[in-house]
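# Coordinate analysis (summary)
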Amino acid sequence: MDIQSDRILIDKILEGDQFAFKELVEKYQTMVINTCIGFLHDKQDAEDIAQEVFIEVFYSLRKFRQEAKLTTWMYRIAVNKSLNFLRSKKRTQWIQSFEDVFGMSRQDQKQPAEMRNPATDMEMQEEATLIHNAINSLSENQRIAFTLNKYDDLPYSEIAEIMGVSLSSVESLIHRAKMNLQQKLMYHYKN
Amino acid sequence: MMMRCEEIKEILIFFVEGSLNPDKTNQVQKHLEKCQECKSSYLKLKSVLSIIETEIIKESNPYFSMKLIERLKNSSETNEVFSAFRIIGILKPVVAILLIGIAIYTGILIGGSYSHKYDTTVIDDSRGIQLQAVADEFYLNDIGMENIETLLIIENN
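Another aspect to go through is the overall build of chain B. A tally of helices and strands in chain B yields 7 helices and 0 strands. The linear arrangement of helices and strands in chain B, starting from the amino end, is α-α-α-α-α-α-α. A total of 157 residues make up chain B; the buried ones form 22% of that total. Taking as baseline every contact in chain B between residues at least 6 positions apart, the subset at least 24 positions apart corresponds to 52%. Entry remark: accessible area of chain B is about 12100 Å², with carbon and sulfur atoms responsible for 61%.

So, in structure tokens, the structure goes:
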């Protein structure tokens with residue numbers, strides 16, 4: 001049903017119907033933002049990247065092979081864009097630290113992502129930082145599988161399709177991700 | 001037999017998310033009732049993992065699509081893409097009709113040329129006279145009239 005309605009929407013967009021594109025955005029915006037939040041842990045950054053995802057969807061829609069599910073394709077774009085954003089952010093932070101050492105830092109810096117989290121409570125803030133760091137320390141594949149499962153509540157079969165791996169690989173990735181997270185969190189509380 | 005603390009700490013995350021089988025769940029529960037250290041670890045782990053739930057967005061932002069559409073409208077590339085989509089949409093039937101037209105016209109031409117070849121009635125008198133004149137001049141007429149088999153016959157006389 002969803003695949004069918006997505007096809008109708010795609011056809012309308014390809015005919016130049018702007019309202020159809022708006023409908024598509026409204027239908028999938030929470031899905032895309034949640035995927036981005038899972039990687040970025042910041043609502044504002046996640047919304048910015050989600051916008052980029054929809055822009056890419058819009059410009060590449062003609063190339064999209066309709067035998068695949070639209071959501072699978074959108075998840076892939078969201079994961080790639082989020083990971084690319086994190087990589088470029090890491091590079092910027094490296095340059096920033098270099099500037100800090102040589103006293104070249106600017107005053108109008110953006111606040112770190114953790115500071116803009118809606119969780120205002122101090123303890124909650126600490127816990128948020130702790131889980132984010134633990135998730136960020138996972139290997140890329142474990143992180144993708146875990147995030148899609150936890151933040152988007154996707155079944156293993158769909159994660160396998162998005163990642164282009166087998167179902168048993170996804171099961172193993174998520175299991176190992178949970179074990180690693182548990183180990184890191186326990187280690188933190190022990191010390 | 002009661003599970004040891006090390007064993008509990010290995011599977012605590014699965015207990016928190018409720019994915020253990022009923023037997024294991026029961027064993028962990030019994031252990032937590034008696035072991036304060038494991039119970040404390042369980043509560044901390046549960047609290048930390050619940051952060052994920054608080055981050056998940058459930059309602060859509062009404063300004064999100066507006067902002068996006070605005071961004072796309074301001075982009076000249078978008079207008080080009082939309083107009084390209086529209087032009088392609090309009091052109092599709094036009095091109096189809098043109099192709100059908102060309103196919104029909106070509107068919108008529110081919111059919112017409114064949115009918116001219118075999119239909120002697122369509123040659124008017126003046127054209128016939130002209131053709132005859134050319135044939136007489138270049139002796140094409142004889143060859144044209146001569147039966148092909150006769151070319152291989154040796155004349156005895």
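The next point concerns the environment of Leu20(B). All names here are of chain B. With respect to the helices and strands, the residue Leu20 is situated in the loop between helix H1 (5-16) and helix H2 (22-34). Among the residues examined, Leu20 registers a relative accessible area of 17% and is labelled buried. In contact with Leu20, not counting residues within four places along its chain, are Ile11, Phe14, Phe15, Thr25 and Val28.

Bringing the nonpolar core into the picture now. Within the largest apolar cluster, 82 residues are counted, with the highest numbers of intra-cluster contacts made by Phe21(A), Val32(A), Phe54(A), Leu70(A) and Val28(B). Sorting elements by how many residues they give to this core places helix H2 (residues 18-40) of chain A first, with 12 residues. Residues contacting Val32(A), with those up to four places away along its chain left out, are Ala50(A), Val53(A), Phe54(A), Met74(A) and Ala78(A).

With that settled, the discussion passes to the interface of chain B and chain A. Listed by partner, the interface residues are 39 residues for chain B and 47 residues for chain A. The junction of chain B with chain A conceals about 4100 Å² of combined surface from both sides, 66% of it contributed by carbon and sulfur atoms. The interface formed by chain B and chain A includes 3 salt bridges. Between Lys178(A) and Glu17(B) there is a salt bridge, with its nearest N and O atoms 2.5 Å apart. Breaking the side of chain B that touches chain A down by element, the ones donating at least two residues are H1, helix H3 (36-55), helix H4 (62-74) and helix H5 (76-118) of chain B.

Attention now goes to the packing of aromatic side chains. By the definition in use, this model includes 5 aromatic pairs over all chains. Note on Phe54(A) and Phe64(B): the rings are 5.8 Å apart at their centroids and 70° apart in plane angle, and the pair reads as edge-to-face. Here Phe54(A) is found in helix H3 (residues 43-60), whereas its partner Phe64(B) is found in helix H4 on a different chain. Taking the relative accessible area as the measure of exposure, Phe54(A) reaches 0% and is therefore buried. An aromatic cluster of at least three residues, connected via ring pairs, comprises Phe21(A), Phe58(A) and Tyr59(A).

Procedures and definitions
Residues numbered from 1 in each chain as written. Chains lettered and ligands numbered in written order. Predicted model: local features only at pLDDT ≥ 70, side-chain atom pairs only at ≥ 80, totals over all residues. Heavy atoms only, no water. Helix = DSSP H or I, 4+ residues; strand = E, 2+ residues; numbered from the N terminus. Buried < 20%, exposed > 50% of the residue type's maximum accessible area, 1.4 Å probe, protein only. Contact = heavy atoms within 4.5 Å. Areas by Shrake-Rupley, 256 points an atom, 1.4 Å probe, with all protein chains shown as cover. Core = buried A, V, L, I, M, F, W, Y, C linked by side-chain atoms within 4.5 Å. Buried area = accessible area lost by both parts, 1.4 Å probe. Salt bridge = Lys/Arg side-chain N within 4 Å of Asp/Glu carboxyl O. Phe/Tyr/Trp six-rings, centres within 6.5 Å; stacked < 30°, edge-to-face > 60°.

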